[in-house]
Structures are given as structure tokens and as C-alpha cells.
Amino acid sequence: MHSTREHDSEQSDWAQRQIAYYRARATEYDTAYADRMQLPQLAKVLDTLPVTGHVLELACGTGQWTRLLSNRASSLTALDAAPEMLDVARGRMRGTTTRFIEADVFSWEPDRQYDTVFFAFWISHVPPAEMEAFWDLLRWALAPGGCVVFLDDSHAKAEIEELVVEAQLPTVRRRLSDGSQHLTVKVLHDAAGLTKQLNNLGWEAHIEQVDPYHFGGIARPRERE
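Residues numbered from 1 in each chain as written. Predicted model: local features only at pLDDT ≥ 70, side-chain atom pairs only at ≥ 80, totals over all residues. Heavy atoms only, no water.

**Comments concerning helix 5 (residues 83-92)**
Thought 1: Taken together, the buried positions of helix 5 are occupied by Pro 83, Met 85, Leu 86 and Ala 89. Each buried residue of helix 5 sits inside an arc of 145° when the element is viewed along its axis, so together they form one side. (Buried < 20%, exposed > 50% of the residue type's maximum accessible area, 1.4 Å probe, protein only. Helix = DSSP H or I, 4+ residues; strand = E, 2+ residues; numbered from the N terminus. Arc of directions from axis to C-beta.)

Spelled out as C-alpha cells, the structure:
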């Protein structure tokens, strides 16, 4: 049984900064997404990954991936902490039965289990100290036989990020079109290192580089001894 996680003041600061950044970015998120994320190519990778049954999408943003998941899910739940992002996602998914939840994943507890939990460009926003708790949440959210499916940036993306070297957590500075600057957690994993980390957390993970800048992964929980 998963228990609610308490945040100290430092954790609350980074979490709130991250949410504030994505709230501010909602109106220009799709443009930046098209420029940085190579969605058409990555969508082809998604086609090869086991997304089936009742699907939960974490950090759904403006629904770019939500619409791709909807044709493969018997039911679809999409979660995000930024209401402005969810407004765009709801518009994108109008006419579907997608269930939307506004919640911070670091304090959220699922009310049901899912066959697939999916997230794109989210694991890099999970601080190292939160990884164990986050994957415990995923274990709780999965139905028996279910799996976690994810896509994210690899180490090569460091060349286009503005790293904040003095920050206590892996952090980047992002600039929006209005000139505002925001800080967000950004942990750039490599496939081998993340596979090992998940193995140590009790998961059977298969993660592969899909192009020079991105990797895709599947993880299933191992039975606890």
C-alpha cells in the first residue's frame, strides 16, 4: 500500500517551480514541442511499444501524446498538475471519453489500477531523491501483468540545455517568449544507467536508444521477495 509522501521545504520549492513553469508555458508548449521533440519520428517508436488496455498517462501536458494513446486504449486517464495544460488537452481530446485529472504526481494517489502507465519526457523531471517513491507509485498504479512505457531525452540533449550548475538538484533554465525565465528539474539519463537503476528498484526494464537524442523504455515490476 502506497502512503502519502511528505515534502520538506526544499522539495516543495522545486515542485512548485516546476509546476509554475509548465503553467506559464502552456500557450506556447506545442510550438516548442514541435521544434525540440521530433514528434512524428517518436510517434513511430510509440507504435512499437506495448500500450494496451486501461491506460494512465502521467504529465500529459497539452495532450500531444494523449491523442496518440487514445486509439490503443480501452480507457484513458490523463493527469497533469498544470490546469492551463489540461485546458488545451481537453480541447484536443474533445469528443472522446478521456478522463482528466489535475494533480501533482508527487502527492497523488491513484484510485484504480491500469494495464499501462505511459509518460513522455517526464522521467527526466523526477529528482534523483524521488525516484524510489515515484516507482513505488507506479507499482501501485499497475494492474497485475501491467507495464510502464516511457520516452525521454538522453544525455545528448545537454548540448541544447542551459544547465544551472550551482543548483542542488539537476536543473535547467528555460526561457519563454515573453522573456520570463524558469527553473525546472532535468535529469538526463542514459539507457544503460537507467536500466541498472530500475533493476535496483525491483523492475525488469528494457530501454533502448531510439535516435541520438531520445530513448524508449518498457518496465515491469518484479515480484518482491
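**Concerning the nonpolar core**
Thought 1: With 35 residues, the main nonpolar core has Leu 58, Phe 119, Phe 134, Trp 135, Val 148, Phe 150 and Leu 198 as its most contacted residues.
Thought 2: Contributions of two or more residues to this core are made by helix 1 (9-25), strand 1 (54-58), strand 4 (114-120), helix 6 (131-141), strand 5 (142-153), helix 7 (191-200), strand 9 (203-211) and strand 10 (214-221).
Thought 3: Of all the elements, helix 6 adds the most residues to this core, at six residues.
Thought 4: If you look at the next biggest cluster of nonpolar residues, it comprises 24 residues, including Leu 49, Val 51, Val 55 and Leu 86. (Core = buried A, V, L, I, M, F, W, Y, C linked by side-chain atoms within 4.5 Å.)

**Points about empty space enclosed by the protein**
Thought 1: Per the counting criterion, the structure on display carries one cavity of 30 Å³ or more.
Thought 2: Within this model, the largest cavity holds a volume of roughly 390 Å³.
Thought 3: Tallied by class, residues from the lining of the largest cavity come to 21 nonpolar, four polar and nine charged. (1 Å grid on protein atoms, 1.4 Å probe; cavity = no way out; pocket = protein on both sides within 12 Å on 5 of 7 lines; lining within 4 Å. Points joined across faces, edges and corners; volume = space filled by probe spheres on them. Nonpolar A, V, L, I, M, F, W, Y, C, P; charged D, E, K, R; others polar.)

**Considerations on unusual backbone geometry**
Leaving glycine out, the prevailing phi sign among residues is negative, and the prevailing peptide bond configuration is trans.
Thought 1: One non-glycine residue with positive phi stands out, namely Ala 59, at about 55°.
Thought 2: Note on placement: Ala 59 falls in the loop between strand 1 and helix 4 (64-70).
Thought 3: Of note, Phe 121 is a non-glycine position whose phi angle comes to about 55°, a positive value.
Thought 4: Its location among the elements puts Phe 121 in the loop between strand 4 and helix 6.
Thought 5: Judged by relative accessible area, Phe 121 falls into the buried class, the value being 6%.

**So, the pattern of salt bridges**
Thought 1: Tallied over the full model, the rule gives five salt bridges.
Thought 2: Close ionic contact of Arg 23 with Glu 84 constitutes a salt bridge, the shortest N to O distance being 2.8 Å. One end of the pair, Arg 23, is in helix 1; the other, Glu 84, is in helix 5, with 61 residues separating them in the sequence.
Thought 3: Accessibility expressed as a relative area gives 29% for Glu 84, which makes it partly exposed. (Salt bridge = Lys/Arg side-chain N within 4 Å of Asp/Glu carboxyl O.)

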